Amino acid sequence: AGGDSTRMGEEKQSLKISQQGMVEMVAEAMQAAGCQPLLIATRDGQPWGSWDARREVLFIADDEGWVGPQAGLVSGLNAAIELGCEWVQLAPCDVPLLNPDLLLELQSKASPELGAVVPEGPNGLEPLLALVQPKMMLDALYQVRKAEKRSIFAVLESMVMKAISHLEIGGRGIGDSCFLNVNSPEDLQMARKLSNR
């Protein structure tokens, strides 16, 4: 949750879908799928005033020297390793219609030889919704950095991963709205409309 939110024009943690905050919706979906604790990477690592300690949420600062989502991934993966997490479910803060069933489906495909289980949405692979082994992904991030690449797709390409097809996900009753990424006021209006169905 450490991005600049330039396309939206305001901090995403303050945005609401219906009566609920967008980031809170993502957190609830993750918790419903058994993800604990939640690690939220922000630019400064400071807790947001509206988040109380009972949520089992740890705020961590983006790792300096990294850019884009990689800054939050590096700090989050390091924190997860310190906590002894074998698997980490990634999720951007701006997918408010995230379906816990998607996360449970990814968990059902996890196996020790895989570094990542990655869902395919309507627009292709969704690397920031991958279920990953933190040590393997951290190693891949450093390899990609050494090669002077910035793409999260390049990170996944250097890992042993399993992609879960869009057809398979849809066949489980998980709709495309689950992948809606709210980056603009238009996206926000769409999310609000879909959440009222």
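Structure: see above.
Residues numbered from 1 in each chain as written. Predicted model: local features only at pLDDT ≥ 70, side-chain atom pairs only at ≥ 80, totals over all residues. Heavy atoms only, no water.

Colleague: What's the story with the packing of aromatic side chains in this structure? I'm lost.
Modeller: Geometrically, a pair of aromatic rings is defined through the distance of the ring centres and the angle of the planes. Tallied over the entire structure, the rule returns one aromatic pair. With a centroid separation of 5.2 Å and an interplanar angle of 85 degrees, the aromatic rings of Trp-66 and Tyr-142 are classed as edge-to-face. Of the two residues, Trp-66 is situated in the loop between β4 (57-61) and α2 (69-82) and Tyr-142 in helix α4 (residues 134-146); the sequence distance between them amounts to 76 residues. Classification of Trp-66 by relative accessible area gives buried; the value is 9%. Given the relative accessible area of 41%, Tyr-142 is considered partly exposed. One residue, Arg-145, lies across the ring of Trp-66, its end atom 4.3 Å from the ring centre. (Phe/Tyr/Trp six-rings, centres within 6.5 Å; stacked < 30°, edge-to-face > 60°. Helix = DSSP H or I, 4+ residues; strand = E, 2+ residues; numbered from the N terminus. Buried < 20%, exposed > 50% of the residue type's maximum accessible area, 1.4 Å probe, protein only. Lys NZ or Arg CZ within 6 Å of the ring centre and 35° of its normal.)

Colleague: Which parts of the structure should I look at to understand the pattern of salt bridges?
Modeller: If the charged atoms of two oppositely charged side chains come close together, the side chains can form a pair. A complete count under the given rule lists four salt bridges for this structure. Here Glu-168 makes a salt bridge to Lys-109, at a shortest N to O gap of 3.1 Å. Remark: Lys-109 occurs in helix α3 (residues 100-109) and Glu-168 occurs in helix α6 (residues 166-171); sequence separation between them is 59 residues. According to the relative accessible area criterion, Glu-168 is partly exposed, its value standing at 27%. Lys-109 sits in the partly exposed class, given a relative accessible area of 22%. (Salt bridge = Lys/Arg side-chain N within 4 Å of Asp/Glu carboxyl O.)

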